[in-house]
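Observations on chain architecture
Residues per chain, in single letters:
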There are 2 protein chains.
Amino acid sequence: MKLSTIGEFGFIHRIAPPFLKDLPNSIVGIGDDCAVIPWNNDTFLLVTTDMLIEDIHFLRAKIPPADLGYKALAVNISDIAAMGGIPTSSYISIGIPKDIDVEWLDEVYAGLHELACETQVHLLGGDTTKSPAHLVINITVLGYVKADQVKYRSSAIEGDIICVTDYLGDSGGGLKILLENYEQDNNAKELIKSHHRPRAHLSEGQWLSKQKGVRAMMDVSDGIDSDLHRIMESSICGAEIYIEKLPISPILKQVAEKYNWDASEIAATGGEDYCLLVTIDNSYFEDIAVEFEKEFNRSLFEIGKITKANSGLVYLKQNQQIRFGKHGYNHFI
Amino acid sequence: MKLSTIGEFGFIHRIAPPFLKDLPNSIVGIGDDCAVIPWNNDTFLLVTTDMLIEDIHFLRAKIPPADLGYKALAVNISDIAAMGGIPTSSYISIGIPKDIDVEWLDEVYAGLHELACETQVHLLGGDTTKSPAHLVINITVLGYVKADQVKYRSSAIEGDIICVTDYLGDSGGGLKILLENYEQDNNAKELIKSHHRPRAHLSEGQWLSKQKGVRAMMDVSDGIDSDLHRIMESSICGAEIYIEKLPISPILKQVAEKYNWDASEIAATGGEDYCLLVTIDNSYFEDIAVEFEKEFNRSLFEIGKITKANSGLVYLKQNQQIRFGKHGYNHFI
């Protein structure tokens, strides 16, 4: 059987059970943004790992090497943010094809170092090897979180408000510009920057994890369409999303109008936004949204609500149910 | 500049300095088998990561998938053994080309699960993605060690006895049989098994780390020729190795005689033995060797001694200095 038959998540469901069996109750393994391990009385250790492979996750000719280094670390830090954690150290394995120059790699490490300094995440080790054809970068990040603040994908409850901590779709728009060779005017460059230098929502994650009423949390990596399915699986619930409420940045709006793109579809399925997808107890949402705006000078965007188990993911536009053609980024298809 | 000009270790020396600057004294970063991080009062957290790429580290047609999964985990556990530690959890990133069947991957995970059970190392997470051409497996392993027992590469002192915890060269012999298509008789199969299913010397590492007089320790991954250079760099010392004392297994001896191989050269430069390379205070060595034999029913093989700084790595055969043609496994050349 080929992997495309069962997809990335089907494959994970297939191989996970023997490894989840016999796991101590105190540990959260496969299935959330990070593994969660008891550290001491009131703190959990967080561990996450992400692999970027040339021609799958990036095109070497299209991404400046410093951005590649920056992004490889950022996507891991984003997983720590999604648990409400503080990242502390990183480990990089790199497989290098022989046509890459040392000076180009210097830039990769300079970009990585820039974000390591910004976030105070020490690079403490790794593995350096050659690769027969494609550049491969795997980064592991460790962090920690107070035990009473950690947030999981599995805590959403029917009636929760679903919200996101930033605009959606800028990264997806940037990728579209790169792949389809649109003109790189200033707006286009901004979208590409969102794609190449995502900002992990660390402060937002830490702040939200301290608010009473915040339930499930994860980062938007594959697009909310795919990511909401992860929350629905873990929390055993459904979700409905209001298309008109998907937050589209003024820049994406302009670019989408110019090229006649469906901005809502990009927002829902583009992926790699690396803001946070959060579910909040209905009765706490308004207060939290007000405080969030004061704290971050930006809205906490309400986009939908959690519904009962087995009701699936439903998109509503002017109260009509609609479907998107593409359901988030799924590897193997 | 191409990477082959400076080699793997030249590259690591080039990119490491900005990341080592400003590192708290309590943390050991790039440059040992594991990163070492304070965990609580008397325990350190250990972190190691290793990447295996098809056609660089293994040939898909030559390694049974279960052995590949087993080995990918074993080489990481070996790094924990090298610090005297106990491994606890692992994280696997896998990049999968589309011509690989799910059933073949099931076997990879079965081999990994087998060793995970043997060593009680929980698989707690990872990343699953596609790869354009080559299978890539990156594993990160966490472990811990008592703060007063951790062993580093940097603790060797002039006069120390250099020893290894097992025969050398079986794995290198197995690789030679695979690459050069020798007949796979029973002896050959044993050597291939050493190459495909290395045993991390966890018990030996933990036992040695508790013995007074044990100084530097690392695992034999690239071959003692290359690995001793790592100890010499970290400890600022030289080393001499007695060729006649390199421990060659009866099986490798037979196979080497049959095909007229230089067993000593394979022992020194073959690599992937994954036993431990240890330096021990001269005055403690004999007692430790006696106790080691009682404990493990196997010799602690003395192979040379640590010499003063800047005296290089010298091989002696019947008191004559000799050179090997190949200096361990160096990536990028």
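Note that the structure is predicted; figures quoted are calculated from it, not measured. (Residues numbered from 1 in each chain as written. Chains lettered and ligands numbered in written order. Predicted model: local features only at pLDDT ≥ 70, side-chain atom pairs only at ≥ 80, totals over all residues.)

As for the packing of helix α5 (residues 170–179) of chain A against helix α6 (residues 186–196) of chain A
In helix packing, the relevant descriptors are the interaxial angle and the interaxial distance, both defined with respect to the helix axes. Residues and elements named next belong to chain A. Let me state the cut-off plainly: Note on definitions: angles span 0 to 180 degrees between N-to-C directions of axes, and those axes are lines fitted to C-alpha atoms, for helices only across the stretch in contact. Helix and strand definitions here come from DSSP, where helices need a minimum of 4 consecutive H or I residues and strands a minimum of 2 consecutive E residues; each element is numbered from the N-terminal end. Angle categories are assigned with fixed cut-offs, so that under 35 degrees is roughly parallel, over 145 is roughly antiparallel, 65 to 115 is roughly perpendicular, and the rest are oblique. Here a crossing is called left-handed whenever its near helix is offset anticlockwise from the far helix by less than a right angle, and right-handed whenever the offset is clockwise. C-beta atoms are placed from the backbone for every residue, and two residues are taken to be in contact when these atoms lie within 7 Å. When residue character is reported, Ala, Val, Leu, Ile, Met, Phe, Trp, Tyr, Cys and Pro are called nonpolar, Asp, Glu, Lys and Arg charged, and the others, Gly included, polar.
One way to put it is that α5 packs onto α6 with a least axis distance of 7 Å and a crossing angle of 110°. Comparing the axis directions of α5 and α6 gives the class roughly perpendicular. Where α5 crosses over α6, the handedness of that crossing is left-handed. Where α5 approaches α6, its residues Asp 170, Ser 171, Gly 173, Gly 174, Leu 175, Ile 177 and Leu 178 are matched on the opposing element by Ala 188, Leu 191, Ile 192, Ser 194 and His 195. Broken down by class, the residue content of the contact of α5 with α6 amounts to six nonpolar, five polar and one charged.

Observations regarding the sheet that holds strand β5 (residues 136–146) of chain A
Two strands in a sheet stick together by hydrogen bonds in their backbones, pointing the same way (parallel) or opposite ways (antiparallel). All names here are of chain A. Counted only if it meets this: Strands pair, by our definition, only if DSSP identifies at least two bridges between them.
With mixed pairing, the five strands of this open sheet are ordered in space as β1-β2-β5-β3-β4. Each edge of the open sheet carries a strand with a single partner, namely β1 (35–40) and β4 (122–130). Strand after strand, the sheet turns through a mean of 20° between neighbouring axes, direction not considered. Here five bridges tie β1 to strand β2 (residues 43–53), and the two strands are oriented antiparallel to one another. What sits directly across from Pro 38, in β2, is Phe 44. Set on the sheet, helix α3 (residues 65–82) makes contact with β2, β3 (86–96) and β5; between it and β5 the angle comes to about 30°.

Topic: the domain arrangement of chain A
Residue and element names in this part refer to chain A. Selection rule: Those domain boundaries reflect an automatic or database domain assignment.
Partitioning chain A into domains gives domain 1 (31–146) and domain 2 (153–322). The distance between the C-alpha centroids of domain 1 and domain 2 comes to 23 Å. Taken together, the contacts link 18 residues of domain 1 with 19 residues of domain 2. Here the element with the most residues in the side of domain 1 that touches domain 2 is α3; it accounts for ten residues. Broken down by class, the residue content of the side of domain 1 that touches domain 2 amounts to eight nonpolar, four polar and six charged.

A look at unusual backbone geometry
Not every positive phi belongs to a glycine, and Asn319(A) is a case in point at roughly 65°. You can see Asn319(A) is positioned in the loop between β11 (313–317) and β12 (320–322). Of note in this structure, Asn260(B) is not a glycine but carries a positive phi near 60°. Structurally, Asn260(B) is set in the loop between α9 (250–259) and α10 (263–269).

Focus: the interface of chain A and chain B
Opposite the 56 residues of chain A that make contact, chain B presents 56 residues. Elements represented by at least two residues in the side of chain A that touches chain B include exactly α1 (3–15), α2 (17–20), β1, β2, β3, α4 (102–119), β4 and β5 of chain A. A per-element tally of the side of chain A that touches chain B places β4(A) first, with nine residues. Split by residue class, the side of chain A that touches chain B holds 28 nonpolar, 19 polar and nine charged.

A few points about helix α11 (residues 282–296) of chain B
Residue and element names in this part refer to chain B. Test applied: Here the expected span of a helix is defined as 1.5 Å times the quantity of residues minus one. The seven residues ending at a residue and the seven starting there each receive a fitted axis; the angle between those axes is the bend at that residue. Put simply, a residue is buried when 20 or more other C-beta atoms lie within 10 Å of its own C-beta and exposed when 12 or fewer do; between those, it is partly exposed, and each C-beta is set from the backbone.
The terminal C-alpha atoms of α11 lie 21 Å apart, and with 15 residues this matches the ideal 21 Å at 1.5 Å per residue to within 8%. Considering bend angle alone, the principal kink of α11 is centred on Ile 288 and spans about 25°. Inspection of α11 places Phe 285, Ile 288 and Phe 292 among the buried residues, and these make up the whole buried set. Summarising the contacts, the buried residues of α11 are in contact with β6 (161–164), β7 (214–219) and β9 (276–280). Within two residues after α11, Asn 297 carries a phi angle of roughly 60°, on the positive side.

A word on the relation of the copies chain A and chain B
What counts is decided by this rule: Copies are brought into register by a least-squares superposition over C-alpha atoms of residues with pLDDT of at least 70 in both.
Expressed as a screw operation, the relation of chain A to chain B combines 0.0 Å of axial shift with a rotation of 180°, fitting to an RMSD of 0.0 Å. Between the two chains, the operation in question is that of a two-fold axis. When the interface residues of chain A are mapped onto chain B, 100% of them again lie at the interface, so the same face is used by both copies.

Structural notes on the packing of helix α3 (residues 65–82) of chain B against helix α4 (residues 102–119) of chain B
All names here are of chain B. Taken N-terminus to C-terminus, the directions of α3 and α4 make an angle of 40°; their axes are 6 Å apart at the nearest point. Comparing their axes, α4 and α3 come out oblique. Relative to α4, α3 is oriented so that their crossing is right-handed. The segment α3 lies against α4, with Pro 65, Ala 66, Asp 67, Leu 68, Gly 69, Tyr 70, Ala 72, Leu 73, Ala 74 and Ile 77 engaging Trp 104, Glu 107, Val 108, Tyr 109, Ala 110, Gly 111, Leu 112, Glu 114, Leu 115, Ala 116 and Thr 119. Within the contact of α3 with α4, the residues separate by chemical class into 15 nonpolar, three polar and three charged.

Some remarks on the pairing of strand β10 (residues 301–307) of chain B
Two faces make up the sheet, and in a regular strand the side chains alternate between them. Residue and element names in this part refer to chain B. As paired strands, β6 and β10 are joined by four bridges and run antiparallel to one another. Among the inter-strand pairings, Ile 162 is bridged to a residue of β10, identified as Gly 304. Of the pairings in the sheet, the one linking strand β8 (residues 238–242) to β10 comprises four bridges and is antiparallel in character. Looking across to β10, one finds that Glu 240 is bridged to Lys 305.

A word on the sheet that holds β7(B)
Residues and elements named next belong to chain B. If you walk across this open sheet you meet the seven strands as β7-β9-β6-β10-β8-β11-β12, and the pairing is mixed. In this open sheet, the two strands that pair with only one neighbour each are β7 and β12 (320–322). On average, each strand axis in the sheet is inclined to that of its neighbour by 30°, with strand direction left out of account. As paired strands, β8 and strand β11 (residues 313–317) are joined by four bridges and run parallel to one another. Bridging across to β11, Ile 241 finds its partner in Tyr 315. Across the sheet, α3 touches β7 and β9, and the angle it forms with β7 is around 175°. Contacts from helix α8 (residues 224–235) reach β7, β8, β9 and β11, with the element oriented near 135° to β7.

Let's talk about the pairing of β7(B)
Residue and element names in this part refer to chain B. β7 sits mainly inside the fold: six of its six residues count as buried. Two strands pair when backbone bridges link them, and β7 and β9 are joined in this way by four bridges, in the antiparallel orientation. What sits directly across from Met 217, in β9, is Val 278.

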